[in-house]
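# Architecture and fold: a report
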Amino acid sequence: MPLADINDRIAQATAKAGRPEGCVTLIAVSKVQPLSRVEAVLSQGHRSFGENKVQEAQGKWPDLRDRFGNVTLHLIGPLQTNKARAAVGLFDAIHSVDRPKLAQALARLAQEMGLCPDLFVQVNTGLEPQKAGVLPQDVDAFVAECRALDLPVMGLMCIPPDGQDASPHFAMLADMASRTGLSGLSMGMSGDFESAIAAGATHVRVGSAIFGERVPGSGVVG
Ligand SMILES: *Cc1c(COP(=O)(O)O)cnc(C)c1O
């Protein structure tokens, strides 16, 4: 679907929810997409992108940034502690902060490098054992821990379970954010970004609806 149509749908959902125009950031999720599709979206002026792997992002974005100028990059996939330094160097935001060890590593890097991406705490709202994220009952304590480390926590992020109505998960995340005094809500993907916006999403992460189906093997460049 053309980028302009996605932007229209976001604008309509935002208006319908009675929220201010422009309050939702579209993160175009470019993981495992052919480079030509990513370049096409950059050529249309879009400048906010999401990747789920540090290494894949390292392979393509330094060059794309050289060619297209400033791009805001969001890490939306799990982050291993040993890749935290590379992630801090490359990304403007990390949406997958989910454990004390990672928070501590990011705090040390922030001190040393004098910068830290905007951070979102990932919450496992579906209590799925295989999925990353802090459990709902641990969110308040973990957000407090991140704040005690002086980390710039901007909001919460969730990936609702496949094949379920996502709305209750979006509502739960919004509740937890307001309870902890966080204004950012990273939620909503290709199939459900409008209902995420209705529930208060500030960042929607949309991949296949913009770029088409992912093409295995396309992510690795160079
Ligand atoms: C891949 C991915 C998306 C985008 O998914 P689509 O269904 O293609 O829009 C969003 N969020 C996360 C965390 C992802 O890994």
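Our structure's up above, just so we're on the same page.
Predicted, not measured: the structure shown is a model, and the values here were computed from it.

This part takes up the packing of helix H5 (residues 100-113) against helix H6 (residues 139-148). The axes of two packed helices give the description: the angle between them and the distance between them. For the pair H5 and H6, interaxial distance at closest approach is 10 Å and the crossing angle is 15 degrees. Considered as vectors, H5 and H6 are oriented roughly parallel to each other. The way H5 lies across H6 gives a crossing that is right-handed. Contacts between H5 and H6 involve Pro100, Ala103 and Gln104 on the former and, on the latter, Phe142, Glu145 and Cys146.

So, on to the packing of helix H2 (residues 35-43) against helix H3 (residues 54-68). Viewed as axis vectors pointing N to C, H2 and H3 meet at an angle of 35 degrees, and their least axial separation amounts to 12 Å. Of the two elements, H2 crosses H3, and the hand of that crossing is right-handed. Mapping the contact onto sequence places Leu35, Val38, Glu39, Leu42 and Ser43 in H2 and Trp61, Leu64, Arg67 and Phe68 in H3. Split by residue class, the contact of H2 with H3 holds six nonpolar, one polar and two charged.

This part takes up the pattern of salt bridges. In this structure the tally under the stated criterion is ten salt bridges. A salt bridge links Arg67 to Glu39; the nearest nitrogen and oxygen atoms lie 2.8 Å apart. Linking Arg67 in helix H3 with Glu39 in helix H2, this pair joins segments that are 28 residues apart in sequence. Since its relative accessible area comes to 46%, Arg67 is described here as partly exposed. For Arg99, the salt bridge identified is with Asp98, shortest N-O distance 2.9 Å. One salt-bridge network, held together by shared partners, links Glu39, Asp63 and Arg67.

Next up on the list: the nonpolar core. Formed by 61 residues in total, the largest nonpolar core has its most connected members in Phe49, Trp61, Leu106, Leu156, Val204 and Ile210. In this structure, Phe49 is in contact with Ile27, Ala28, Ser30, Val38, Val41, Leu42, Trp61, Val71, Thr72, Leu73, His74 and Phe211, ignoring residues within four places of it in sequence.

What follows is about the side chain of Ser190. The topology assignment puts Ser190 in the loop between strand E7 (184-186) and helix H8 (193-198). A polar side-chain atom of Ser190 sits 3.4 Å from a polar atom in the side chain of Ser208. For Ser190, the side chain forms a polar contact with the main-chain nitrogen of Ala209, separated by 3.0 Å. Discounting residues that sit within four places of it in the chain, Ser190 has contacts with Arg205, Val206, Gly207, Ser208 and Ala209.

Cut-off values and rules
- Residues numbered from 1 in each chain as written.
- Predicted model: local features only at pLDDT ≥ 70, side-chain atom pairs only at ≥ 80, totals over all residues.
- Heavy atoms only, no water.
- Axes fitted to C-alpha atoms, helices over the stretch in contact; angles between N-to-C directions.
- Helix = DSSP H or I, 4+ residues; strand = E, 2+ residues; numbered from the N terminus.
- Parallel < 35°, antiparallel > 145°, perpendicular 65-115°, else oblique.
- Left-handed = near helix turned anticlockwise from the far one by under 90°.
- Contact = heavy atoms within 4.5 Å.
- Nonpolar A, V, L, I, M, F, W, Y, C, P; charged D, E, K, R; others polar.
- Salt bridge = Lys/Arg side-chain N within 4 Å of Asp/Glu carboxyl O.
- Buried < 20%, exposed > 50% of the residue type's maximum accessible area, 1.4 Å probe, protein only.
- Core = buried A, V, L, I, M, F, W, Y, C linked by side-chain atoms within 4.5 Å.
- Polar contact = N/O pair within 3.5 Å; in protein donor to acceptor, adjacent residues only side chain to side chain.

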